[in-house]
Amino acid sequence: MSPPADAPAPPQRTATARRIAGLALPALVVLAAEPLYVLVDTAVVGHLGAVPLAAVAIGGTVMSVAVWFGTLMAYGTTGRAARRFGAGDRTAAIAEGVQASWMALAAGVLLALLGLAGAGPLTSLLAGDPETAEAAAGWLRIAALGAPGLLLAAAGNGWMRGVQDTRRPLWIVLGANVLSAILCPVLVYPAGLGLTGSAIANVTAQSLGGALFLAALVRETRALRPVPSIIVSQLVLGRDLLIRGAAFQACFLSATAVAARFGVAAVGAHQIVLQLWFFAALALDAVAIAAQSLVGASLGAGDEREARDVARRVTLAGGVSALAFAALAAAGAAVVPGWFSDDPVVHEQAAVIWPWFVALLPFAGVVYALDGVLIGAGDVAFLRTVTVLSALLGFLPAIWLAYAFDLGLGGVWAGLGLFTLGRFVSLMWRWRSPYWVVTGVTR
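Rules used in this analysis
Residues numbered from 1 in each chain as written. Predicted model: local features only at pLDDT ≥ 70, side-chain atom pairs only at ≥ 80, totals over all residues. Heavy atoms only, no water. Helix = DSSP H or I, 4+ residues; strand = E, 2+ residues; numbered from the N terminus. Rg over C-alpha atoms; globule rule 2.2 N^0.38 Å. Salt bridge = Lys/Arg side-chain N within 4 Å of Asp/Glu carboxyl O. Core = buried A, V, L, I, M, F, W, Y, C linked by side-chain atoms within 4.5 Å. Buried < 20%, exposed > 50% of the residue type's maximum accessible area, 1.4 Å probe, protein only. Contact = heavy atoms within 4.5 Å. Expected span 1.5 Å × (residues − 1). Patch = residues over 30% accessible without salt bridge, like charges linked within 9 Å, V, L, I, M, F, W, Y side chains within 5 Å. Areas by Shrake-Rupley, 256 points an atom, 1.4 Å probe, with all protein chains shown as cover. Phe/Tyr/Trp six-rings, centres within 6.5 Å; stacked < 30°, edge-to-face > 60°. Lys NZ or Arg CZ within 6 Å of the ring centre and 35° of its normal. pLDDT = per-residue confidence, 0-100.

### Here's the deal with the overall build of the protein chain
Check the secondary structure of the protein chain and you find 14 helices and zero strands. In the protein chain, the order of α-helices and β-strands from amino to carboxyl end is α-α-α-α-α-α-α-α-α-α-α-α-α-α. Whereas a compact globule of 443 residues would reach a radius of gyration of roughly 22 Å, the protein chain reaches 22 Å, a difference of no more than 12%. Taken along the three principal axes of its C-alpha coordinates, the protein chain extends 60 × 50 × 35 Å.

In structure tokens form, the structure reads like this:
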């Protein structure tokens, strides 16, 4: 079947800054849309009182598992689809999207059922009191119904990035989230639904986004049957990404747990700086997404030189972007913590870890870019191993030693430094080696 009229042209063979920006900037908007909507939702619900706000926080934490699965699915699909697109086989690239969508639908339905059945026990485990747990469970039972749409949207983002179509994901995600941002206050207040209205708005955005990505897929192809062999290959790639992601989660959860042992002010300061770190990571991840698409397409086309040129350019872009973030962070050291807390003790604790935050950002920018390069190349097993080893041999021992010897937040962020630098050294070595450059439609 021929591609639709608005489909993008086949990729050029030159990795210009414009091409990288053309993929990275729309990806950044898509990445930012969901967190911005969560901020709107939080602001709306926050005016209902402390219990509804806590309920959304707890329910949202549970739903973040689905978001995590969606991110893994999108990343895995992008690299596989990009290889086939680079080889000139758009049909095979779209087929990757079809199979990823089947997997997304199955996983989404399973997560929705688990959310419905486990809402009570999960929220009781996380909440501090029965009233909050009950409110969170009610919110989660509705919000869980959005999981299939959320994962279908992730699969859609994956294959569209793979074929270097950046316009449609941008409009689909923005449209769904803007609609939900309008619905949320209307359902919560004039309609009188309260917390239930927030959950319905979430489900509406996620379901609409999933449906629009599915409609775009049907426009591309009528070959919609599941192919088990492709799904199994995608699951193997997803397994390695899942293990890698679990290592990240273990590190950051452990860091927060240890920071909490040093007192309320310490964990507050840690939370402020960690959220700023995540914000920077969100922006830098847009460069990694561009790398996934461009590297995969170059290797699929058999162009090793182009793949290396893309890797060099996106690594430079990641490093320069991170240097800009670091400069802004350094300039705002005396001001930014005050945006989040009026407590001078929190400010003192933030000052302890701020130099770590600023110094590590440039290294993190290179690491995120090289993550995208290797995911696009399908070298995910290496990423998995490096991340796990950096966590086990660097991060986790350092932060638990910080706890044992009462080293405070400086010890916790020294652990984050070891984790980042361990990955930086390993990924730089891999980048300079020939091992990640495997041409062809499969690795």
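Moving on from the coordinates now.
### Notes on the pattern of salt bridges
This model, assessed by the stated rule, comprises 14 salt bridges. Shared partners join several salt bridges into a network, and the residues in it are Arg-90, Asp-165, Arg-168 and Glu-220.

### What to know about the nonpolar core
Formed by 41 residues in total, the largest nonpolar core has its most connected members in Trp-277, Trp-354, Phe-357, Phe-395, Trp-413 and Leu-416. For this core, the secondary structure elements donating two or more residues are helix H8 (228-260), helix H9 (264-300), helix H10 (304-331), helix H12 (344-376), helix H13 (380-404) and helix H14 (408-432). Ranked by residues supplied to this core, first place goes to H9 with eleven residues. Non-local contacts of Trp-354, meaning those with residues more than four positions away in its chain, are made with Val-273, Leu-276, Ala-329, Ala-330, Gly-332, Ala-333, Val-336 and Pro-337.

### Notes on helix H5 (residues 147-162)
The end-to-end C-alpha distance of H5 is 23 Å, a good match for the 22 Å that 16 residues give at a rise of 1.5 Å each. Note on H5: the residue one or two positions beyond its end, Gln-164, has a positive phi of about 60°.

### Regarding the environment of Val-352
Topologically, Val-352 is positioned in helix H12. Judged by its relative accessible area of 43%, Val-352 is partly exposed. Along the sequence, Val-352 and Gln-249 sit 103 residues apart, while their C-alpha atoms lie 23 Å from each other.

### Concerning a nonpolar patch on the surface
A cluster of nonpolar side chains, namely Trp-102, Leu-105, Val-109, Leu-113, Leu-116 and Leu-145, defines an oily patch on the protein surface of about 500 Å² accessible area. Position of Val-109 relative to the elements: it lies in helix H3 (residues 90-126).

### A word on unusual backbone geometry
Backbone geometry follows two general trends: most residues other than glycine have a negative phi, and most peptide bonds adopt the trans configuration. Residues other than glycine seldom take positive phi values, yet Gln-164 does so here, at roughly 60°. Given a relative accessible area of 15%, Gln-164 falls into the buried group. Even without being a glycine, Asp-406 presents a positive backbone phi close to 55°. Checked against the element boundaries, Asp-406 lands in the loop between H13 and H14.

### Concerning the packing of aromatic side chains
This structure, assessed with the given rule, holds twelve aromatic pairs. On the basis of an interplanar angle of 35° and a centroid distance of 6.1 Å, the ring pair of Trp-68 and Phe-69 is categorised as tilted. With centroids separated by 5.9 Å and ring planes inclined at 40°, the aromatic side chains of Trp-429 and Tyr-435 adopt a geometry described as tilted. Following the ring pairs from residue to residue traces out a cluster consisting of Trp-277, Trp-354, Phe-357 and Trp-413. Above the ring of Phe-382, the side-chain terminus of Arg-430 is found at 4.2 Å from the ring centroid.

### Details of the environment of Gly-197
Among the structural elements, Gly-197 can be located in helix H7 (residues 195-220). Accessibility expressed as a relative area gives 0% for Gly-197, which makes it buried. Sequence separation between Gly-197 and Ala-17 is 180 residues, and the spatial gap between their C-alpha atoms is 44 Å. Setting aside anything within four residues of it in sequence, one finds Gly-197 in contact with Leu-187 and Val-188.

### With respect to the confidence of the model for the protein chain
For the protein chain, the average pLDDT comes to 89, and 96% of its residues sit at 70 or higher. A low-confidence stretch, residues 5-11 (pLDDT under 50), is modelled with 13 contacts involving residues beyond four sequence positions or located in other chains.

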